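Descriptive structure summary
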Amino acid sequence: MTNSLFPVILAGGKGERFWPLSRSGRPKQFLSLDGSSRSLLQATADRLIELVGGWDSLFVITSKQIAEGVRQQLPQLPSQNLLIESEGRDTAAAVAWTSLEIKQRYGEDAIIGFFPADHWIADQKAFADTLNAASSLAASTEAIVTLGIKPTFPSTGYGYIEQGAKIGNFNELPAYHVNRFTEKPNRETAESFLSTGRFSWNSGMFVFRAGVVLKELYTHAPEIIEPLAQNGPDIYPQLPKKSIDYALMEKTTLAYVLPVAFGWDDLGDWNAIERLLKTEENPNVELATHVGLDTNGALLYATDPEDVIVTIGLEDVVIVRDRKVTLIVKKDRTQEIKQILKTLQSDPRFTDLL
């Protein structure tokens, strides 16, 4: 039995809103988007390894389509710690299977943390302090702890968490019961959330004891946990496709939130790159060779350094050049990239572009 932290990286996403850079064999988590030499997956592993002191405690759950890429990106990950889903069934199934696996190996008091592979975090020390606090709360209480990001603007792209009564301080960080989880709000609602001071962005990061989350899954999501417990991962294709928020977090009475501020972005679409790299000195974010005239507020990206992007009179656009594809989209419509991908998927001429 142990109550050490076992971090799990959720690495099954496609990252379609970063197309054409993100493609089926090269999803977003395999990309370096912050100007460093490390991919998002590698950067996530780096900061978690630093916390737990070695690869043996780290787990990754991913899809069979990109499992070999994960092995190549993280060659030091023990093979038994790479869980491969035969078919993606969203995060509830991933949490359930991984929690069953860790409980079997390390006991029900093992503390598990779930972390998406595609987050950017600025302050490693503050992140470590937060994880220590969350682990302390999870070890001492029947708690499913979620990390709530203190909002810096009224985002309409994130879900929110409303904090209730304070239950105490852990590692000098205040912890609260969760009153409710909310879906992505409109602008007016987001502004009202910020004005109360009681709302955090839902980061999608969770910490809990294996036994606690499994008990709650049996209560609130038996249609997922029972088939997995009885049949193992072979049952995956028959499991319902549900997020952990919908299957469990919106139903459990054991949800707690730590409102934290360590510099965070979920890198959801191309506009996130501007948030990370924009400077006052340059009217554009240029990750390409760019020659521009009267161009402002543009994000320009090219994978081939020999490609040159020339612009005249453009404003607030994203231009991405990758292999045979050039994407040009207004910044306020990047969420619609997923829609254009459906059009490409329906035409056999474009199969090799996906």
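Heads up: the structure comes first, above all this text.
Residues numbered from 1 in each chain as written. Predicted model: local features only at pLDDT ≥ 70, side-chain atom pairs only at ≥ 80, totals over all residues. Heavy atoms only, no water.

A word on the packing of aromatic side chains
Summed over the entire model, instances satisfying the criterion amount to 13 aromatic pairs. Through a chain of ring-to-ring contacts, three or more aromatic side chains come together here, namely Phe-153, Tyr-158, Trp-201 and Trp-264. In this structure, Arg-47 packs its charged tip against the face of Phe-127, placed 5.9 Å from the ring centre. For the cation-ring pair, Lys-251 lies above Tyr-246, with the distance from its terminal atom to the ring centre recorded as 5.4 Å. (Phe/Tyr/Trp six-rings, centres within 6.5 Å; stacked < 30°, edge-to-face > 60°. Lys NZ or Arg CZ within 6 Å of the ring centre and 35° of its normal.)

Details of unusual backbone geometry
Of the consecutive residues Trp-19 and Pro-20, the connecting peptide bond is found in the cis state with omega at 10°. Here Pro-20 lies in the loop between β1 (5-10) and α1 (40-52). Although it is not a glycine, Asn-171 adopts a positive phi angle of roughly 55°. Mapped onto the elements, Asn-171 comes out in the loop between β7 (160-170) and β8 (173-182). Phi at Glu-172 takes a positive value of approximately 70°, unusual for a residue other than glycine. Mapped onto the fold, Glu-172 is located in the loop between β7 and β8. Using a relative accessible area of 75% as the deciding quantity, one classes Glu-172 as exposed. (Helix = DSSP H or I, 4+ residues; strand = E, 2+ residues; numbered from the N terminus. Buried < 20%, exposed > 50% of the residue type's maximum accessible area, 1.4 Å probe, protein only.)

Remarks on α1
At 3.6 residues per turn, the α-helix brings residues three or four places apart onto the same side. Helix length check: α1 (13 residues) gives 19 Å between terminal C-alpha atoms against 18 Å at 1.5 Å per residue, within 8%. Turning to α1, its buried residues are Leu-40, Leu-41, Gln-42, Thr-44, Ala-45, Arg-47, Leu-48 and Ile-49. For α1, the elements touching its buried residues are β1, α2 (67-73), β4 (111-116), β5 (120-121) and α4 (124-140). Taken from the residues just after α1, Gly-53 is the one with a positive phi, measuring 80°. (Expected span 1.5 Å × (residues − 1). Contact = heavy atoms within 4.5 Å.)

Looking at helix α6 (residues 210-220)
Those residues of α6 lying buried are Ala-210, Val-212, Val-213, Leu-214, Glu-216 and Leu-217. Elements that come into contact with the buried residues of α6 comprise α3 (90-106), β4, β6 (144-149), β9 (199-209), α7 (222-231) and α8 (244-249).

Things to note about the sheet that holds strand β14 (residues 299-302)
Pairing is mixed across the open sheet formed by four strands, whose spatial order is β12-β14-β16-β17. The two strands at the open ends of the sheet, each matched to only one other strand, are β12 (285-287) and β17 (325-330). Strand-to-strand, the axes of this sheet are offset by a mean angle of 5°, without reference to chain direction. Pairing of β12 with β14 involves three bridges; the strand directions are parallel. Within β14, the residue paired with Glu-286 across the bridge is Leu-300. (Pairing = 2+ DSSP bridges. Axes fitted to C-alpha atoms, helices over the stretch in contact; angles between N-to-C directions.)

Section: a positive patch on the surface
Positive charge collects at one region of the surface, where Lys-14, Lys-184, Lys-241, Lys-338 and Lys-342 lie side by side. Examined against the element boundaries, Lys-241 turns out to sit in the loop between α7 and α8. (Patch = residues over 30% accessible without salt bridge, like charges linked within 9 Å, V, L, I, M, F, W, Y side chains within 5 Å. Areas by Shrake-Rupley, 256 points an atom, 1.4 Å probe, with all protein chains shown as cover. Salt bridge = Lys/Arg side-chain N within 4 Å of Asp/Glu carboxyl O. Lys, Arg positive; Asp, Glu negative; His and termini not counted. Charge placed at Lys NZ, Arg CZ, Asp CG, Glu CD.)

A word on the pattern of salt bridges
Taken as a whole, this structure holds 22 salt bridges when the rule is applied. Of the charged contacts in the structure, one is a salt bridge between Asp-109 and Arg-209, with a shortest N-O distance of 3.8 Å. In this pair, Asp-109 is assigned in the loop between α3 and β4 and Arg-209 in strand β9, connecting sequence segments 100 residues apart. What makes Asp-109 partly exposed here is its relative accessible area of 29%. Between Arg-349 and Asp-347 there is a salt bridge, with its nearest N and O atoms 2.8 Å apart. Residue classification places Arg-349 among the exposed residues on the basis of a relative accessible area of 62%. Note on Asp-347: relative accessible area 18%, which makes it buried. Among the charged side chains, a network of salt bridges with common partners joins Arg-23, Arg-26, Asp-322 and Arg-323.

Details of the pairing of β17
Burial of β17 is one-sided: the residues Val-325, Leu-327 and Val-329 facing one way are buried, the residues Thr-326, Ile-328 and Lys-330 facing the other way are not. One ladder, built from six bridges, connects strand β16 (residues 317-322) with β17; its direction is antiparallel. Following the sheet pairing, Val-320 is matched in β17 by Leu-327. Between β16 and β17, which pair antiparallel one after the other, the connecting turn spans two residues, and Arg-323 there sits at a positive phi close to 55°.

Section: the nonpolar core
The biggest cluster of nonpolar side chains holds 46 residues, and the ones touching the most others in it are Ile-9 and Phe-262. Counting residues per element, this core draws most heavily on α4, which supplies seven residues. Residues Ile-61, Ile-161, Val-178 and Met-249 belong to the second largest nonpolar core, which totals 43 residues. (Core = buried A, V, L, I, M, F, W, Y, C linked by side-chain atoms within 4.5 Å.)

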